[in-house]
Amino acid sequence: MQRLFEYFAQHYYLASGAVLAAVALAVFEVQARIQAFAALSAMQAVRLMNQGALILDLRPKESFDAGHIGEARNVPAADLESQADGLKKWRDKNVITYDDSGSGGAGAARTLTKLGFTKVFNLEGGLNAWVKDNLPLTKTASGGKAGAK
């Protein structure tokens, strides 16, 4: 152990580089685990949608109107906790959350779980992954009615 401290003292640049690499690895792993919370692929999401799952779009209203997944409800991430009471009937049913990239959906899934929802999932990769898999989007017309894209 004494030789290790001696090595660190003599080669502090190498030692500090190793410590920084270890910290970077730890941060990456924590971030990956946070984003993977209850994640499911687009195909798994389609299966749950066919079984009647609720889909929550966490993006702002303008983004939602520009294109969203089929029967999704727009609940901006900032309003999720305040609107959770209106979603009470879904507490024991499948709920899928998504945003553009999937990172905000993981946080929303955790929030809903804390609020008592038992079957909450996050669309892995968010809407970007949905579009990448060539799955359809629905646009909301200026009159408020949805049309297929």
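Preceding block: the structure.
Residues numbered from 1 in each chain as written. Predicted model: local features only at pLDDT ≥ 70, side-chain atom pairs only at ≥ 80, totals over all residues. Heavy atoms only, no water.

K.L.:
Tell me about the overall build of the protein chain, and please be specific about residues and values.
P.N.:
Along the protein chain, the regular secondary structure elements total seven helices and seven strands. Along the protein chain, helices and strands appear, N-terminal first, in the series α-α-β-α-β-α-β-α-β-α-β-α-β-β. For a compact globule of 149 residues, the expected C-alpha radius of gyration is about 15 Å, and the protein chain comes in at 21 Å, more than 25% above that figure. When its C-alpha atoms are laid out on the principal axes, the protein chain stretches across 70 × 30 × 25 Å. Taken across its 149 residues, the protein chain has 31% of its residues classed as buried. Partitioning the intrachain contacts of the protein chain with sequence separation of at least 6 by distance along the chain shows that 64% fall at a separation of at least 24. Total accessible area computed for the protein chain in this model is approximately 9,400 Å², and 57% of it derives from carbon and sulfur atoms. (Helix = DSSP H or I, 4+ residues; strand = E, 2+ residues; numbered from the N terminus. Rg over C-alpha atoms; globule rule 2.2 N^0.38 Å. Buried < 20%, exposed > 50% of the residue type's maximum accessible area, 1.4 Å probe, protein only. Contact = heavy atoms within 4.5 Å. Areas by Shrake-Rupley, 256 points an atom, 1.4 Å probe, with all protein chains shown as cover.)

K.L.:
Describe the sheet that holds strand 4 (residues 94-98), naming the residues involved and giving the relevant values.
P.N.:
The strand order 1-5-4-2-3 describes an open sheet built from five strands, whose pairing is parallel. Looking at the sheet topology across the chains shown, the edges are occupied by strand 1 (39-40) and strand 3 (73-74). By the bridge criterion, two bridges tie strand 1 to strand 5 (residues 119-123) in an arrangement that is parallel. Its bridge partner being in strand 5, Ala-39 is matched across the sheet by Asn-122. Against the sheet, helix 6 (residues 103-114) touches strand 2 (54-57), strand 4 and strand 5, its axis set at about 175° to strand 5. (Pairing = 2+ DSSP bridges. Axes fitted to C-alpha atoms, helices over the stretch in contact; angles between N-to-C directions.)

K.L.:
An account of the packing of aromatic side chains is requested, with residue identities and associated values reported.
P.N.:
Counted according to the given criterion, the structure contains two aromatic pairs. Ring plane angle 55° and centroid distance 6.3 Å describe the contact between Tyr-7 and Phe-8, whose orientation is recorded as tilted. When its relative accessible area of 39% is taken as the criterion, Tyr-7 is described as partly exposed. The ring of Phe-117 carries the charged tip of Arg-91 above its face, separated from the ring centre by 5.3 Å. (Phe/Tyr/Trp six-rings, centres within 6.5 Å; stacked < 30°, edge-to-face > 60°. Lys NZ or Arg CZ within 6 Å of the ring centre and 35° of its normal.)

K.L.:
I'd like to hear about the pairing of strand 4, residue by residue, with values.
P.N.:
Most of strand 4 sits inside the fold, with five of its five residues counted as buried. By the alternation rule, side chains of strand 4 split into Asn-94, Ile-96 and Tyr-98 and Val-95 and Thr-97, which are all buried. One ladder, built from four bridges, connects strand 4 with strand 5; its direction is parallel. Bridge pairing in strand 5 places Ile-96 opposite Phe-121.

K.L.:
Requested: an account of the environment of Asn-134, with residues and values cited.
P.N.:
In this structure, Asn-134 sits in the loop between helix 7 (126-132) and strand 6 (138-140). Linking Asn-134 and Ser-103, residues 31 residues apart in sequence, is a C-alpha distance of 21 Å.

K.L.:
Describe the pattern of salt bridges, listing the residues and the values that go with them.
P.N.:
Evaluation of the coordinates by the stated rule reveals three salt bridges. A salt bridge links Arg-59 to Asp-57; its shortest N-O distance comes to 2.8 Å. For the pair Arg-59 and Asp-57, one class covers both residues: buried. Lys-61 serves as the salt-bridge partner of Asp-65, at 3.1 Å between the closest nitrogen and oxygen. One end of the pair is Asp-65 and the other is Lys-61, both in helix 4 (residues 61-66) and four residues apart, which spans about a single turn. Relative accessible area serves as the criterion here: at 23%, Asp-65 is assigned to the partly exposed category. (Salt bridge = Lys/Arg side-chain N within 4 Å of Asp/Glu carboxyl O.)

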